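Spelled out from the first residue to the last, the chains are:
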Amino acid sequence: MSRDLLKTFTYLSIHLTVGFTVAYAFTGSLSLAGGIALIEPCINAVAFFFHEKAWKRFDARARTDRFVRDAVAHA
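Our subject in this report is the structure included herewith. (Residues numbered from 1 in each chain as written. Predicted model: local features only at pLDDT ≥ 70, side-chain atom pairs only at ≥ 80, totals over all residues. Heavy atoms only, no water.)

**What to know about helix 1 (residues 3-27)**
Side chains that are three or four residues apart share a direction in an α-helix, a result of its 3.6 residues per turn.
So, point 1. Here helix 1 contains 25 residues, and its C-alpha end-to-end distance of 36 Å stays within 8% of the 36 Å for a straight helix at 1.5 Å per residue.
So, point 2. Remark: Gly28 follows helix 1 within two positions and exhibits a positive phi of approximately 70 degrees. (Helix = DSSP H or I, 4+ residues; strand = E, 2+ residues; numbered from the N terminus. Expected span 1.5 Å × (residues − 1).)

This is the structure we're talking about:
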């Protein structure tokens, strides 16, 4: 198993454990805490996907702005 994959699985374990513990501390319900601990990472993954898309647009816009600024400066 690659180091990156192992780190991913250990991070997932920590994430699920913390999520379950916090949800259980707030609700006192094992089933509700389990559901929250499983659903939250899925929603977080979708949010991360859109976060990455937004940053790619931001980076592309920044590169375009730099190109235009450099072209005007050298004209």
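So, next bit.
**As for the packing of aromatic side chains**
So, point 1. Tallied over the full model, the rule gives three aromatic pairs.
So, point 2. Centre to centre, the rings of Phe20 and Tyr24 are 6.2 Å apart; their planes meet at 5 degrees, and the pair counts as stacked. Of this pair, Phe20 and Tyr24 both sit in helix 1, four residues apart, which is roughly one turn of the helix.
So, point 3. Given a relative accessible area of 29%, Phe20 falls into the partly exposed group.
So, point 4. Arranged with centres 5.1 Å apart and planes meeting at 80 degrees, the rings of Trp55 and Phe58 form a pair that is edge-to-face. One end of the pair is Trp55 and the other is Phe58, both in helix 2 (residues 30-73) and three residues apart, which spans about a single turn.
So, point 5. A relative accessible area of 44% places Trp55 in the partly exposed class.
So, point 6. We classify Phe58 as partly exposed; its relative accessible area is 46%. (Phe/Tyr/Trp six-rings, centres within 6.5 Å; stacked < 30°, edge-to-face > 60°. Buried < 20%, exposed > 50% of the residue type's maximum accessible area, 1.4 Å probe, protein only.)

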